[in-house]
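# Geometric and topological summary
The residues making up each chain are set out below.
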Amino acid sequence: MDNSAILVLIIKLIQQEQFVSANREVLRHLRNSCDPFAVSDEIFMGKFRLSPAAVCELITKLQPHDQDYGSEISFPIQVLAALNFFAKGSFQTEVGLNNAINISQPMVSIYVKKISSMIVSHMSDYIKFPRSNEELAELKAGFQHKHGLPNILGIIDGTHIRIIAPKKTDPYRHPRHYRNRKMFYSINVEVICDSELRFLSVNARFPGACHDSGIWMTSRVRDFLQEKWLEGNQQMHLLGDAGYPSEPWLLTPYRNVNTNIQRYYNKMQVETRKNIERSFGIMKNTFKCIDSSRRLNYEPKSAARIINSCFILYNYMKYNDIPLLENDPNRHIEVGNDAIINQRMITERGHEVRDQYAQNLYSQWNIRE
């Protein structure tokens, strides 16, 4: 090849690079200049669930912690891409084809992991189990007023969030640990909600094969309630289903009903406990990425952050009076010998407390009648 041919080739390569560079700048300008906020609130919330004002506040909370200074995509667009995935459960169709958020699927996946990690790190205070006497009294008052049950702090239950099969190279857990009793891979999320359907505690650390009762044994909330009980503060309880152990601070239904007292207690207990199923339905309808019909295509740690982010955003919406999408509910950890002996004693005491609670509840009902 002579020098003139080489020169022509070099010129063509330079022109091609300049063309690609110019197009890149045009696309970057279009991505960052298309205003996703320039739509009605109804359309905006349909795509991102949060109101425009709430999204702006969210961006303001998170942006000071962003250290990705070299990204071609502005931070607000990254947040919106993640919110759209949370809301719709799919970046393949919703985000990739959105005129205002024209980002490739791999980049959306990166931003979902980034933003969910930031939400968990810097907004976890939106989910907290109250500790002060004033806060605990407020929780009790809520259940007393709405459901006629005294001294109840919250309702506990677990919900399974589908995930892809984890890699067998995971040094901590084999994929079989994530296969639940319904034979799909999941994270078993332990949740406590109050009478207003706000989440007080969310634990997304355990794989689907773990039983609800086993996860409860590791709960910090259980430690707190047990400590309070031993200190003499014995007038506060959670409500749980029959899958949980009967404990002085955790009231479960009677398995075998023999008296009117037990029958009335079970009726009130079960009716009140339906609220947490309702909260799960609203939660999964609002954030489709964790809906039962979908699965999170992320490894367990990233999936757990996404799950926690959705629960945090749910409470964020509740505290900001943003409408959630109503929906009708559809819907092993080993213990050593010493712990089993202690748990048997706790269960026996739990039965006694439940009997007394049921008797008092039935007596109050008779007085009203």
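On a predicted model such as this, the values are computed, not experimentally measured, just so you know.

Definitions and cut-offs
- Residues numbered from 1 in each chain as written.
- Predicted model: local features only at pLDDT ≥ 70, side-chain atom pairs only at ≥ 80, totals over all residues.
- Heavy atoms only, no water.
- Helix = DSSP H or I, 4+ residues; strand = E, 2+ residues; numbered from the N terminus.
- Buried < 20%, exposed > 50% of the residue type's maximum accessible area, 1.4 Å probe, protein only.
- Arc of directions from axis to C-beta.
- Contact = heavy atoms within 4.5 Å.
- Pairing = 2+ DSSP bridges.
- Axes fitted to C-alpha atoms, helices over the stretch in contact; angles between N-to-C directions.
- Core = buried A, V, L, I, M, F, W, Y, C linked by side-chain atoms within 4.5 Å.

## Thoughts on unusual backbone geometry
- Positioned with a positive phi, Asn151 is a non-glycine residue whose angle comes to about 65°.
- Position of Asn151 relative to the elements: it lies in the loop between α7 (133-147) and β1 (152-162).
- In this structure, Leu197 takes a positive phi of about 65° despite not being glycine.
- Structurally, Leu197 can be placed in the loop between β2 (186-193) and β3 (199-207).
- Owing to a relative accessible area of 5%, Leu197 belongs among the buried residues under this scheme.

## Focus on helix α3 (residues 52-62)
- Where α3 is concerned, the buried positions are Pro52, Ala54, Val55, Leu58, Ile59 and Leu62. The buried side chains of α3 occupy one side of the element, clustering within an arc of 160° when seen end-on. Of the residues in α3, the exposed ones pointing more than 90 degrees away from the buried face are Ala53 and Thr60.
- Where the residues of α3 are buried, they touch α2 (41-48), α4 (75-88), α6 (105-122) and α11 (300-319).

## Here we look at the sheet that holds β1
- Spatially, five strands are ordered β3-β2-β1-β4-β5 in an open sheet, and the strand pairing comes out mixed. Because the sheet does not close on itself, it has two edges, and the strands there are β3 and β5 (250-251).
- As defined by bridge partners, β1 adjoins β2 across eight bridges and the pair is classed as antiparallel. The residue of β2 that forms the bridge with Arg162 is Ser186.
- The strands that helix α9 (residues 220-230) touches are β1, β2, β3 and β4 (237-239); relative to β4, the one it contacts most, it runs at about 140°.
- Along the sheet, helix α10 (residues 260-286) contacts β1, β2, β3, β4 and β5; its crossing angle with β1, the most-contacted strand, is approximately 45°.

## Quick notes on the nonpolar core
- Counting 94 residues, the largest nonpolar core has Phe86 and Leu296 as its most contacted members.
- Sorting elements by how many residues they give to this core places α11 first, with 11 residues.

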